[in-house]
Amino acid sequence: MGKILCATRGGEAAIETQEAAIRRAIDQNDELIFFYVVDIEFLVHAAYALRSDIVEEEIDKMGEFLLAMAVERAEQQGKQATAIVRHGNFIEELIKTVTEEGITLVVLGRPANDRSRFELEQVKKLARRIVDKTGTEVWIPGIELP
Amino acid sequence: MDHTKVQASATRRGIKRLIPWLCLLAIIAMWTIARFDAAPPAHAQEGENDSHHAIAGRVVDEQGTPVSEATVRLTLEEGAEPTDETETQPDGSFLLLLPDSVEPHNLYLEVNRLHFAGQHIKLERPDMAELQAEGTLVLDDIVLARRLGISFWATTATFVLMLVLIATERLHKTLAALLAVAIIFTVSLVGGGINDNLYVFDFEHALEFVDFDVIFLLMGMMIVIGVIEETGIFQWLAYQAYRLSRGHVWLLSLILMSVTAITSAMLDNVTTMLLMAPISLQIALAVGINPLALLIPQVLASNVGGLATLVGEPTNILIGSYAGFSFNDFLVHLTPGVVLALLGLFGYTLLRYRKQYMQHSAGLSPALLARLKHNAEIQDIDKLKKAGIVFGGLLLLFIFGEPLHLPPAIAAIIGAVVMLLWVHPDIEQMMGVVDWTTLIFFIGLFIVIGAVEEVGLISLTAGAIGRLVAGNLPLAMLAVVWLAAIISGIVDNVPFTAAMLPVVAHLSAIIPGAGNNMLFYALAVGAAMGGNTTLIGASANLVTAGISDRAGYPITFKRFLAIGLPSVLVTTTLGTIWLFIHFF
């Protein structure tokens, strides 16, 4: 029995990816984990005093909420799932979690429709990097990886 | 033995913790004493001289603005040693005294000021007669012409470079401001040693341009907000909006916008959005709508609401301190206009999002609703009560501090100290909350603006705007509001507002009827409301976009512009209408 890690942020575009991960976990009878990284890099734009620890905590709660929605979606389809929230750089935390949890398949979402072609290339590049670093298979639903 | 040691060590630690606060209190005390114990004006001191003849006058620039620190010499012969010599006061006035022993036949005045062409004036026979008869001669205004030398061009180029670096984000804005300061001082002090024309000002004079009221007010409010952030009040308020709306999304949006506007006015809009956006996003998912339909109206309301008070926007703090506005001045002259603009924004939002708001709620499972409720709980009731009492006291100090000669900066520092002593005594953590980068940015910015003011760029700009509006006050008001709104939508409104302050002061001095500071309020309206035009127009927009992006709902530049620009047209028009109703 393998372990599927679905990296997701929530959002309409992510639902498609979550659904794909749920279907695959059911088909393969694999364990399913939804994954979210709290990244507060955007706070560089806040030109005023702020408690980054409190903001980080709020985004952590938001991430847990989004993953709880994904877990509930899986349960509605008869698949038990769990959630992991990490803090820090998305790529580094993803690679670390893949190794620590013994993940056999990573599911990544493709950029939303209004995003640029450049961002799709970024996701493909990330997929290649995960494969290189961990040897774990990466799947982007609807996208063929070389 | 051990117990005694532990006790002594704890006492030492306690004393060590108190030292910074004692120093701070000492500074406040010295400042307060200095304000009450100000030295008598130079004229009063000079008046003690036993003289029968006095010559008074005023030195102004070509725009009619007083010129301070100009040297005025009185001589009996052209080029001779001065009989008396003085410097003009901040209002441009001067008073020269002629000793009894001197019997004047001819009198000459030499007026000199750096960055101006000098004036040599021979007093004419009627003036001499008046002086002999009356004992005092009041001269017509002496007009000094600007001298646009190398220092003017070097400083102007540096100022433009700083603005470009900030606008393009090629450098962090604090670094851009410090770079500009370094260039100006190098040109002025090192270059000035080689060529006099490169001299701008010395370090002491530069520091006179730094508005420490702004620095202290910002610092005090940063600490106060830092403590309030811990209580969870923002998240709780957002959840109460959800509860009160009872599933009506349009009502939820209006309540959230109102709560956001009020908290932005009392605290600041960036903090408000940082803490309300995550919970608002979860609420949007709970009612089954796209979170952007709540978040974007919220951030628009936040930027408009911040305009209502002195402490709601950094631009208001700048304007208030420069023009000497109290907390109550903003409440009287701007808050009703902000309410009017918010009503317009409500209407615009309901029209814009009518389809989303009419959607039926998808509803969440009881487990997710329980999680949402848990995420919005007050973290520490006791801390909230204490913080609420201190903040209430601070608001009272802001409102009633004016008759007590308590400037907002000192009120904020007192609030911060009480907050730290009573609510959150961890000084180390709280010092980390103070955004020193921003404070240093403001100091650098003040020096750069001081330099461009010194070399004459500000008065030239004011003169050009004055000519453009041809002394017409309503036209000047429209120009200030809309110019500020347009520019604030494209670039950071803080450096723009700081640069505009002396320009507006010049305009207020030269345009008939503008002496009641209405143009400063016009600047505040434009600078705050213009921030809603683009995603980069205000920090609150960027941090909201950052949070929604992390939830998979990106706010693109184009999407924000499509919603923000019409909102600016609505709110700025209503703000302008209020200014006209109130001031004309």
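Above this text is the structure in question.
Now for a quick tour of the structure. (Residues numbered from 1 in each chain as written. Chains lettered and ligands numbered in written order. Predicted model: local features only at pLDDT ≥ 70, side-chain atom pairs only at ≥ 80, totals over all residues. Heavy atoms only, no water.)

1. Here we look at a nonpolar patch on the surface
Residue and element names in this part refer to chain B. A surface patch of nonpolar side chains, about 460 Å² in accessible area, is lined by Ile389, Ile414, Val418, Leu421 and Trp422. At four residues, helix H18 (residues 408-423) tops the list of elements feeding residues into the nonpolar patch. By secondary structure assignment, the location of Leu421 is in helix H18. (Patch = residues over 30% accessible without salt bridge, like charges linked within 9 Å, V, L, I, M, F, W, Y side chains within 5 Å. Areas by Shrake-Rupley, 256 points an atom, 1.4 Å probe, with all protein chains shown as cover. Salt bridge = Lys/Arg side-chain N within 4 Å of Asp/Glu carboxyl O. Helix = DSSP H or I, 4+ residues; strand = E, 2+ residues; numbered from the N terminus.)

2. Description of the sheet that holds strand S5 (residues 108-112) of chain B
All names here are of chain B. Reading across from one edge, S3-S2-S5-S6 is the order of the four strands in this open sheet, with antiparallel pairing throughout. Both edges of this open sheet fall to strand S3 (84-87) and strand S6 (119-122), since each of them pairs with a single strand only. Recorded for the sheet is a direction-independent mean angle of 15° between the axes of neighbouring strands. Inspection of the sheet shows strand S2 (residues 71-75) paired to S3 by four bridges, in the antiparallel sense. Bridge pairing in S3 places Thr71 opposite Glu87. (Pairing = 2+ DSSP bridges. Axes fitted to C-alpha atoms, helices over the stretch in contact; angles between N-to-C directions.)

3. Comments concerning the sheet that holds strand S5 (residues 137-139) of chain A
Pairing between the strands of a sheet comes from backbone hydrogen bonds, and it takes one of two forms, parallel or antiparallel. All names here are of chain A. Strand order in the open sheet formed by five strands is S3-S2-S1-S4-S5, with parallel pairing between adjacent strands. Looking at which strands have only one partner, the edges of the open sheet turn out to be strand S3 (81-87) and S5. With strand direction ignored, the average angle separating the axes of adjacent strands in the sheet is 25°. The pairing of strand S4 (residues 105-107) with S5 spans three bridges and is classified as parallel. Residue pairing for S5: Val106 is matched across the bridge by Val138. Docked against the sheet, helix H1 (residues 12-28) engages strand S1 (3-7), strand S2 (31-38), S4 and S5, running at close to 175° with respect to S1. (Contact = heavy atoms within 4.5 Å.)

4. Some words on the pairing of S5 of chain B
Residue and element names in this part refer to chain B. Counted residue by residue, S5 has four buried out of five residues, so it is predominantly covered. Summarising the sheet, S2 and S5 pair through five bridges and their orientation is antiparallel. Looking at S5, one finds that Leu74 is bridged to Leu109. (Buried < 20%, exposed > 50% of the residue type's maximum accessible area, 1.4 Å probe, protein only.)

5. A few points about the nonpolar core
Counting residues in each nonpolar core, the largest one holds 193 residues, and the members touching the most others are Leu32 and Phe34 of chain A together with Phe398, Leu519 and Leu579 of chain B. Looking at this core element by element, the count peaks at 13 residues for helix H7 (residues 212-229) of chain B. The residues contacting Leu519 of chain B, other than those within four sequence positions of it, are Leu473, Ala476, Met477, Val480, Val504, Leu507, Ser508 and Ala514 of chain B. In terms of nonpolar packing, the next biggest core, distinct from the first, is built from 20 residues, Phe94, Leu107, Leu123 and Leu144 of chain B among them. (Core = buried A, V, L, I, M, F, W, Y, C linked by side-chain atoms within 4.5 Å.)

6. Points about the environment of Glu92 of chain A
For Glu92 of chain A, the position within the fold is in helix H3 (residues 90-101). Distance in space between the C-alpha atoms of Glu92 of chain A and Phe35 of chain A is 13 Å, their sequence separation being 57 residues.

7. With respect to the packing of aromatic side chains
Each aromatic ring pair is characterised by the separation of its centres together with the angle its planes make. Within this structure, the stated rule accounts for 16 aromatic pairs over all chains. Aromatic pair Tyr322 of chain B and Phe520 of chain B: ring centres 6.0 Å apart, planes at 45°, arrangement tilted. Residue Tyr322 of chain B is found in helix H12 (residues 314-323), and its partner Phe520 of chain B is found in helix H24 (residues 518-530); the two are separated by 198 residues along the sequence. On the accessibility criterion, Tyr322 of chain B (35% relative accessible area) is partly exposed. Its guanidinium or amino end placed over the ring of Trp139 of chain A, Arg24 of chain A lies 4.6 Å from that ring's centre, counting from NZ or CZ. Taking the ring centre of Phe441 of chain B as reference, the NZ or CZ of Lys173 of chain B above it sits at 4.8 Å. (Phe/Tyr/Trp six-rings, centres within 6.5 Å; stacked < 30°, edge-to-face > 60°. Lys NZ or Arg CZ within 6 Å of the ring centre and 35° of its normal.)

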